[in-house]
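# Reading the structure
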Amino acid sequence: MNDLVERIGELLSKLQSSDYLEREEAVEELGNYDTDEAVAGLVIAIEDPNSGIRELAAEHLSKMKGDTAPKLLIHFLGNDDITARNLAAEVLVKIGSRSVPYLIEQIDVDDYDVRKFIVDTLGLIKDENSVDALCQKLWDENINVVCSAAEALGEVGSPKAIDALVAVFEKIEDVQPQALEALGKIGDTRALEHLYRFIETDDPIIQYAGIEAIGNIGSSSSMEVLSKYLNDGDESVSELALMAIINISNNTDGNIDFDIPLDKFSKFLFNGVKEKDPEITSFTINRLKSWFGHDVIYNLIDVLDSVDEDNQKLIIESLGQVGGTASTMLISKFKESSVEIKNIILEIIKQFIDENIARKLIGFVDDEDPGIRQKLAHMIGSSYLPEALPVLKKMAGDEIGHVRSAAYAALGWLCTENEVEFLVKGLDDKFVDVREAAAGAMIMIGTEAVVEKFRKLLFDGNTEKQRISALSLGMIGDSTVVQPLIEAINHPEEEIRRSSIISLARIGDERAIEPIAVALNDESKAVRKSAINSLVILQRQECVPKIKFLLDDEDLWIRYHTINVIGDFRNNEFSEYVLPYLNDEQDVIRIATMKALSKMGCREAMSTIDQFANDSNKDIVDAAHQAITVLDGEK
Amino acid sequence: MEIKVKNEGQVCEVYLNGRLDLASGTNLKEELKKIFDQDKNMIHLNLNDVEFINSSGLGSLVSIMKEVRLRKGRLTLSNLASYVKEIFEITQLSHIFEIYETQEEALSSYQSVTAN
């Protein structure tokens, strides 16, 4: 213990050192000792010439337990050194409630500056125990102290202060704005009746502060009173009343049960949205459900890039609700808008596109942004406007691939049979999405002339055109394409043969059965596999005699696939085709065969399958057990 | 093609099953005409069981879309099979039609618009 006292004594001496580092070390170490002597040392250090040391001492003091720190620091509030005084107040605020009794003890000192400082500090601490003392200071002889006391009571926020604040408001004119502000901050509805009375004055300052206070209390019962001020001749008063209503509205989930003359305040509201005021933005966007008109639409477009994404969506939906009228107005704003807004405008207009709107949009197809041109091509095409044809044909020559692609697709939507030759040119484009869009347009037209075009292209020297032609014929998918696709089963390109077979199966024309059966002998494994699947689609079980020879195909996976396909019919009549493969040399074939036979319910196979239950290959054993379980289940 | 119509709420739900081609597309248009005649203009087509669609089927959908627009209504599609999606992609009709992954998403989109 003596050692500690001695050490602290040494540290206190070091605080007088001219060496900055020595003083800093002393303060640092004193912070570790929560004794009265150490605290006293730290209090001395808040007057240190070095600001770093003062801050360090303050930091340690704010963490000290016990009452020594506030008891000593309180005397600094009268210090001439402003830095030390502010630092002491800061520490007292950090210490919080423990400082309050010492501050109250000194609240009547002679120096009014110190009294004011104490009152301000109590306001920052926000402790309910200071309310009585602060209420007394509302009657201090110095008006600065009185005003500070009113402000501090607002900070503390206790309804206990309402009567005192009302009383001081009525007696001392100079404290009225602060008293009103405090009543608003306290936020208790018991103050409302007084506030309603106070705002009935010619003094604009009192009216402003009172209306603001009513808004801060946030009770929907104030709406009627506030609504009277919406029509006040003084714009500041009416806007303040609206702001108070906004506060209340946002406090009560936007529910307001009376009409607000929104048009009168549109400038104020949309400026608030532009300035990203969250309260005004939320209120304004909530009103859009029932607020229409030309000004509103223009204003909404103006603020679109000032709001966040969620609000943007709400605005777009609201504009969408307005319907075609909004479209016309939005178009009139289009040219001068940013790319982002143009995109939003097009997104809204999309819902109402018709020939009239499309005619207007044609005027913007030379927009410098390719994304906009692409969207315009889609929208103009979707209007089915005949005049769009030359415009889209021009756009199909755009320097940007995405624009060309959209233009070709849109030409298809217009179903312009006479333009097949033009569309065919798109199949030569350097970009695949443009080539496919041109093909897509031809698919949409889908006439015999288109089929004939693709039929020729199937055997054109260009493999890409062959691919697109096979794909397109399949998608046109009516009886006119069956013959060209049958011809394509003998195409030199494996992929063309395969996709033709798949398309024929989808179309479901019986003329395809025999040519596909021939394709079961195709040199390509992929084609043979497609042929099996396609025959199953076209013929169901009738295809089995045709495909059974593939059980001996040179390719293991074709054999495997054929067994699976036959097994899937679950018809025991076909088991004789599959049974021999129980003894195949390939494990994978034996496994597929067991599974297929069990699906067919072939109990004759049980004794052979039983033998596999002791096989050295675990997969064979598992397959045998599963097959036996299935067959046993059928017994 | 089988066409089932559930015409109870604000949105008329139409369930298609089978192949959408020239013949079935014509039937579909006739079926929808009956719905339009009842002054309904919000249509949802569930294509979950549409295994095949061709040029003529697409043409029917486009002509239904035109009719819905004339009537200031709304047409949504959902549950497109992968092949149907493919044909919508290549023709870029996905830019004209409102397409949803599921019927629930499509129907709730009507609700959100109504709510607002």
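Quick summary incoming for the structure in this document. (Residues numbered from 1 in each chain as written. Chains lettered and ligands numbered in written order. Predicted model: local features only at pLDDT ≥ 70, side-chain atom pairs only at ≥ 80, totals over all residues. Heavy atoms only, no water.)

## Some remarks on the side chain of N571 of chain A
- Relative to the assigned elements, N571 of chain A resides in the loop between α36 (556-568) and α37 (575-578).
- N571 of chain A has contacts with Q541 and M600 of chain A, leaving out every residue within four places of it along the chain. (Helix = DSSP H or I, 4+ residues; strand = E, 2+ residues; numbered from the N terminus. Contact = heavy atoms within 4.5 Å.)

## Section: the side chain of R404 of chain A
All names here are of chain A.
- Here R404 is to be found in helix α26 (residues 401-413).
- Since its relative accessible area comes to 8%, R404 is described here as buried.
- In terms of polar contacts, R404 uses its side chain to reach the side chain of D429, at 2.8 Å.
- Residue contacts for R404: discarding those within four places in its chain leaves M395, A396, G397, D398, E399, D429, K430, F431 and V434. (Buried < 20%, exposed > 50% of the residue type's maximum accessible area, 1.4 Å probe, protein only. Polar contact = N/O pair within 3.5 Å; in protein donor to acceptor, adjacent residues only side chain to side chain.)

## Details of the pattern of salt bridges
Residue and element names in this part refer to chain A.
- Inspection of every chain in the model, using the stated rule, returns 45 salt bridges over all chains.
- With its nearest N and O atoms 2.9 Å apart, the salt bridge here joins D120 to K116. With a gap of four residues between them, D120 and K116 both fall in helix α8 (residues 112-125), about one helical turn apart.
- Look at D120 and you get partly exposed, because its relative accessible area is 27%.
- Overall, the relative accessible area of 27% leaves K116 in the partly exposed class.
- A network of salt bridges, in which partner residues are shared, links D108, R115, K137 and D140. (Salt bridge = Lys/Arg side-chain N within 4 Å of Asp/Glu carboxyl O.)

## Some remarks on the pairing of strand β4 (residues 74-78) of chain B
Residue and element names in this part refer to chain B.
- A large share of β4 lies buried, amounting to five of its five residues.
- Burial along β4 is two-sided: R74, T76 and S78 facing one way and L75 and L77 facing the other are all buried.
- Direction of pairing for strand β3 (residues 42-53) relative to β4: parallel, over a ladder of five bridges. Across the sheet, the residue bridging to H44 is T76, located in β4. (Pairing = 2+ DSSP bridges.)

## Topic: unusual backbone geometry
Residue and element names in this part refer to chain A.
- Non-glycine residue K276 carries a positive phi angle of around 60°.
- The phi dihedral of R570 falls on the positive side, at around 55°, and the residue is not glycine.
- You can see R570 is positioned in the loop between α36 and α37.

## Brief notes about the pairing of strand β2 (residues 12-20) of chain B
Residues and elements named next belong to chain B.
- In terms of strand pairing, strand β1 (residues 2-6) meets β2 through five bridges, oriented antiparallel. Its bridge partner lying in β2, E2 is registered against N17.
- Following β1, the chain reverses through five residues before pairing antiparallel with β2.
- Note: β2 against β3, eight bridges, orientation parallel. Bridge pairing in β3 links G18 to V50.
- With respect to chirality, the unit in which β2 leads through helix α1 (residues 22-37) into the neighbouring parallel β3 is right-handed. (Right-handed = clockwise from strand over helix to strand, strands pointing away.)

## A word on helix α10 (residues 143-156) of chain A
Residue and element names in this part refer to chain A.
- With 14 residues, α10 extends 20 Å from end C-alpha to end C-alpha; this agrees with the ideal 20 Å at 1.5 Å per step.
- Of all 14 residues that make up α10, 10 are buried, and the element is covered over most of its length.
- Each element contacted by the buried residues of α10 is listed here: α8, α9 (131-137), α11 (162-171) and α12 (176-186).
- Structurally, the start of α10 carries an N-cap: the backbone nitrogen of N144 is 2.8 Å from a side-chain oxygen of N142.
- Just downstream of α10 lies G157, where phi reads positive at about 75°. (Expected span 1.5 Å × (residues − 1).)

## What to know about the packing of helix α30 (residues 463-476) of chain A against helix α32 (residues 494-507) of chain A
Residue and element names in this part refer to chain A.
- At their nearest, the axes of α30 and α32 sit 9 Å apart, and the two run at 5° to each other. What the angle tells us is that α30 and α32 run roughly parallel. Judged by residue contacts, Q466, R467, A470 and G474 of α30 engage I496, S499, S500, S503 and I507 from α32.
- Its residues placed into classes, the contact of α30 with α32 shows three nonpolar, five polar and one charged. (Axes fitted to C-alpha atoms, helices over the stretch in contact; angles between N-to-C directions. Parallel < 35°, antiparallel > 145°, perpendicular 65-115°, else oblique. Nonpolar A, V, L, I, M, F, W, Y, C, P; charged D, E, K, R; others polar.)

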